Amino acid sequence: MKPQNGPNLEEDELYEHHRILAPKGQKPLRVDKFLMNFIENATRNKIQQAAKDGNVWVNGSIVKQNYKVKADDEVKVMFEHPPHEFLLVPEDIPIDIVYEDDDLLVVNKPAGMVVHPGHGNYSGTLINALIYHIDHLPTNSNERPGLVHRIDKDTSGLLLVAKTEEAMTHLSKQFFDKTSEREYVALVWGNVEQDEGTIEGNIARHPKNRLQMHVFPEGEEGKEAVTHYKVIERLGYVTLVSCKLETGRTHQIRVHMKYIGHTLFNDERYGGEKILKGTTFTKYKQFVENAFKILPRQALHAKTLGFVHPKTKKMMRFDSELPNDMQQCIEKWQQYSKHSQ
């Protein structure tokens, strides 16, 4: 039995179903007609609908059905559900297990590890590792073995995995009912003026850039999202903050912090890999570029995780230290902040 109340974890993922490279002799041809020549059993109506839904891409950008495909164009069809041939393969990958019992385990995921297979990442994921180490994991509402929730590839930190159907149902309901505890630590651009605050604003996929999420403050699109933040330390041109999630939307902290003008440090997808604050002096630019090298990802760590154990009914809380790359980057900013005052 799958949890009926669980969150739709993969609601915003995109999966590559077809990738076609237009041959060198390709004369300009509408993309809907082009795809009909390559995709078996596809009707023109279905392809046109896919294009209207923003699921047809050429050279990395969404196109309409009347786009003319040219020689060497890379055409992709992407959907929010995995392709039928999608298979999970067990892989012997080490896992940093913080806690484990018969019902669940808590994993400390390193940055760079994808949580579940999807577009461009069909192996080397946490799920590939989990199904190798643990037999008969239950699936969530999206057929994902063990996953109660997820964190982004380049976010490090704690992740909860269910080992039984009962645990999956119980734990998923806690996340859905907003009774679980999740605290992240983030380094963001700029001086966050208020010591603490709450960010509210529906989150959905960006209307133009489908790889980004976007805040719709009027609630006209997307799903409700609430983030509570608190300043830990001000470091001049950047601020170290704690973020507590009330909801769990894709990229929630990343897009909410950008929405209030404080993009995460080195968050390439949302523009944080640019020098957004500070001086134009060469020394400062060199300092920031060195900090980017130390932390080659968005500065976000899932630090604390709390939930009620599905069997014992006791509250459990886990805390993880900041990984070395993030710690070293923060220390670098602490030193810079002292010397620049």
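Rules of the game
Residues numbered from 1 in each chain as written. Predicted model: local features only at pLDDT ≥ 70, side-chain atom pairs only at ≥ 80, totals over all residues. Heavy atoms only, no water. pLDDT = per-residue confidence, 0-100. Contact = heavy atoms within 4.5 Å. Helix = DSSP H or I, 4+ residues; strand = E, 2+ residues; numbered from the N terminus. Buried < 20%, exposed > 50% of the residue type's maximum accessible area, 1.4 Å probe, protein only. 1 Å grid on protein atoms, 1.4 Å probe; cavity = no way out; pocket = protein on both sides within 12 Å on 5 of 7 lines; lining within 4 Å. Points joined across faces, edges and corners; volume = space filled by probe spheres on them. Pairing = 2+ DSSP bridges.

**Some thoughts on the confidence of the model for the chain**
Step number 1: Confidence along the chain averages 89 in pLDDT terms, with 91% of residues attaining 70 or more.
Step number 2: Between residues 1-11, whose pLDDT stays under 50, and residues either more than four places distant or in other chains, the model counts 40 contacts.

**Considerations on unusual backbone geometry**
Step number 1: In the Ramachandran plot, N266 falls in the positive-phi region, its phi being about 60 degrees despite a non-glycine side chain.
Step number 2: Looking at the element boundaries, N266 is found in the loop between α5 (252-259) and α6 (282-294).
Step number 3: Residue N266 is classed as buried on the basis of its relative accessible area, which comes to 10%.
Step number 4: Even without glycine at this site, K313 takes up a positive phi of about 65 degrees.
Step number 5: Mapped onto the elements, K313 comes out in the loop between β16 (300-308) and β17 (315-319).

**Let's talk about the environment of D135**
Step number 1: You can see D135 is positioned in the loop between α3 (126-133) and β9 (156-162).
Step number 2: Using a relative accessible area of 61% as the deciding quantity, one classes D135 as exposed.
Step number 3: The sequence separation of D135 and K163 amounts to 28 residues, and the corresponding C-alpha distance is 8.8 Å.

**A few points about empty space enclosed by the protein**
Step number 1: The tally for this structure, following the rule as stated, stands at one cavity of 30 Å³ or more.
Step number 2: Approximately 50 Å³ is the volume found for the largest cavity.
Step number 3: Listing elements by their share of the lining of the largest cavity, those giving two or more residues are β10 (181-189) and β16.

**So, the pairing of β16**
Step number 1: Here β16 lies mainly inside the structure; seven of its nine residues are buried.
Step number 2: Pairing of β9 with β16 involves two bridges; the strand directions are parallel. Within β16, the position partnered with S156 by the bridge is H301.
Step number 3: Alignment of β10 against β16, held across six bridges, turns out to be antiparallel. Within β16, the position partnered with E183 by the bridge is T304.
Step number 4: Strand direction decides the pairing type here: β16 and β17, joined by five bridges, are antiparallel. Along β17, the bridge assignment pairs L305 with F318.

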